[in-house]
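# Breakdown of the fold
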Amino acid sequence: MSLFEIKAEIPADTVEAADGVLQELGVEGWSLLEDVIAKRAWVVGVFATEAEARTRWAELRALLTAADEPVVRELADQDWRDSYKAHFKAWQFGRLHWVPVWERETYALPAGDAVIWLDPGLAFGTGNHETTRLCCERLAAFAEKRGTAGRVIDAGCGSGILALSAARLGFKHVAAFDNDPEAVRVSRENAVLNGLDGAVDFFTGDLVSGLAGREAELVLANIQADVLMKFALQLLAAVAPGGLLVLSGILAVELEKVRAVFAAAAPGWDVQTRTMGEWSDLALAR
């Protein structure tokens, strides 16, 4: 299978702004590469066709401060996978490890720890983005402190990394949904990759239909800030008594606005936040 890479250099001092644009745009396939020593940076996209690559670039270019003309090239599938290897390294929080699948035969997993195998070739991404890591760390800390007997909901599951991490930690009742049927399909593929086929109830739904009639001790939502605020009542209603709502996808500059919306909608709930790079999370305990 061939894919098409589109790559454009951007000023090194605009990386953080470009990162925010990519998150807000919400188009799968884009990533940022940065050489901090040479002070150079690029936006890179991988798409199924050259036409799609150029269409997506036109959308993105209109939002960027500055960028050179892009270079488009055809990639063999193996070339695409290999291009990630230089930029994607295993990472860990608590007893859960997120490891590229090409290290499956060599990675030394400590006794008692658990692993999620990540394959960019299955649109799993790397899980390295701050928004994902904030949620993963909250999830692991919740499991360590309160055990894994509770229910988990992953609202807007994307490629399924949060839901599958919950299942790997030992949660038996995990539901995950996305309004994009393709995301649900990819999540199921990633479940098979990790030997977790059937461990998560993946389904198509939005923040109204997906949460309707559902309740969990841990609700995770890694979605852009404006959507979180719009559906604050639905997200809060899905948290069981004594449960925790974890919100991510929030730019640090947006945090106080998001916090105010949720604090007003959930008076008396304990609210905590953390910041990682340019991104923040919000954890509300009922």
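Right, let's walk through the structure included here. All figures in this text were calculated on a predicted structure; none of them were measured in a lab.

## Quick notes on the sheet that holds strand 9 (residues 173-178)
- Taking strand neighbours across the sheet as the criterion, the 7 strands line up as 10-9-8-11-12-14-13 in an open arrangement whose pairing is mixed. In the strand order of this sheet, the two ends are held by strand 10 (201-204) and strand 13 (270-276), each with one partner. Sheet twist, expressed as the mean angle between neighbouring strand axes with direction ignored, is 15°.
- Taken together, the 6 bridges between strand 11 (residues 216-222) and strand 12 (residues 239-251) define a ladder with parallel strand orientation. Note that in strand 12 the partner of Leu-220 across the bridge is Val-246.

## What about the layout of surface pockets?
- Each pocket or cavity is described by its volume, and for the second largest pocket that value is around 260 Å³.
- The wall of the second largest pocket is formed by Arg-138, Ala-141, Phe-142, Lys-145, Arg-146, Gly-243, Leu-244, Asp-270, Gln-272, Ala-283 and Ala-285.
- Of all the secondary structure elements, the ones that give two or more residues to the lining of the second largest pocket are helix 4 (130-146), strand 12, strand 13 and strand 14 (279-285).
- Residue contributions to the lining of the second largest pocket peak at 5 residues, all from helix 4.
- Class assignment for the residues of the lining of the second largest pocket results in 5 nonpolar, 2 polar and 4 charged.

## Here's the deal with the sheet that holds strand 6 (residues 96-100)
- Judged by pairing direction, the sheet is mixed, and its 3 strands sit side by side in the order 5-6-7 without closing on themselves. Each edge of the open sheet is held by one strand with a lone partner, namely strand 5 (91-93) and strand 7 (114-118). Each strand of the sheet is rotated relative to its neighbour by a mean of 20°, with strand direction disregarded.
- Here strand 6 runs beside strand 7; their pairing, made up of 5 bridges, is parallel. Within strand 7, the position partnered with Trp-98 by the bridge is Ile-116.
- Helix-sheet contacts for helix 4 involve strand 5 and strand 6, and the interaxial angle to strand 5 is about 40°.

## Remarks on the nonpolar core
- Core analysis: the biggest nonpolar cluster contains 34 residues, and Trp-98, Phe-171, Val-200, Phe-202 and Leu-218 have the highest contact counts within it.
- Counting residues per element, this core draws most heavily on helix 5 (residues 161-169), which supplies 7 residues.
- Leaving out residues up to four positions away in the same chain, Phe-171 has contacts with Leu-139, Phe-142, Ala-143, Gly-147, Thr-148, Gly-150, Val-152 and Ala-166.
- Grouped together as the second largest cluster of nonpolar side chains are 31 residues, Ile-153, Phe-177, Ala-238 and Leu-284 included.

## Digging into the pattern of salt bridges
- In this structure the tally under the stated criterion is 13 salt bridges.
- Notably, a salt bridge pairs Glu-217 with Arg-151, separated by 2.8 Å at the nearest N-O pair. Of this pair, Glu-217 sits in strand 11 while Arg-151 sits in strand 8 (residues 151-155); the two residues are 66 residues apart in sequence, bridging distant segments of the chain.
- Looking at Glu-217, the relative accessible area reads 19%, which means it is buried.

Each value, and the rule that gives it
Per-chain numbering applies: the sequence of each chain, read as written, is numbered from 1 onward. Since the coordinates come from a predicted model, pLDDT governs what is reported: local features require at least 70, and pairs of side-chain atoms require 80 or more to be given and counted, while whole-chain, interface and lining totals use all residues. By convention in this description, side-chain values take in all heavy atoms of the structure and omit both hydrogens and water. Only when DSSP finds a minimum of two bridges between them are two strands counted as paired. Starting at the N terminus, helices and strands are each numbered in turn, a helix being any DSSP run of H or I of at least four residues and a strand any DSSP run of E of at least two. Each axis is a line fitted through C-alpha atoms, and for a helix only the stretch in contact is used; angles between axes span 0 to 180 degrees, taken between their N-to-C directions. Site definitions follow a grid-based scheme: protein atoms alone, a 1 Å grid, a 1.4 Å probe that fits but cannot get out for cavities, and for pockets an open set with protein on both sides within 12 Å along at least five of seven lines, plus lining residues having an atom within 4 Å of a point. Grid points are joined across faces, edges and corners, and a volume is the space filled by probe spheres set on the points. Any residue that is not Ala, Val, Leu, Ile, Met, Phe, Trp, Tyr, Cys, Pro, Asp, Glu, Lys or Arg is counted as polar, Gly included; the first ten are nonpolar and the last four charged. Any two residues whose heavy atoms approach within 4.5 Å at even a single point are treated as in contact. In these notes, a set of buried Ala, Val, Leu, Ile, Met, Phe, Trp, Tyr and Cys residues joined through side-chain atoms within 4.5 Å is what counts as a nonpolar core. Exposure categories follow from relative accessible area, calculated using a 1.4 Å probe and restricted to protein chains: below 20% of the type maximum is buried, above 50% is exposed, and the middle band is partly exposed. Here a salt bridge means any side-chain nitrogen of Lys or Arg lying within 4 Å of a carboxyl oxygen belonging to Asp or Glu.

In short, shape yes, function no, at least from these values alone.
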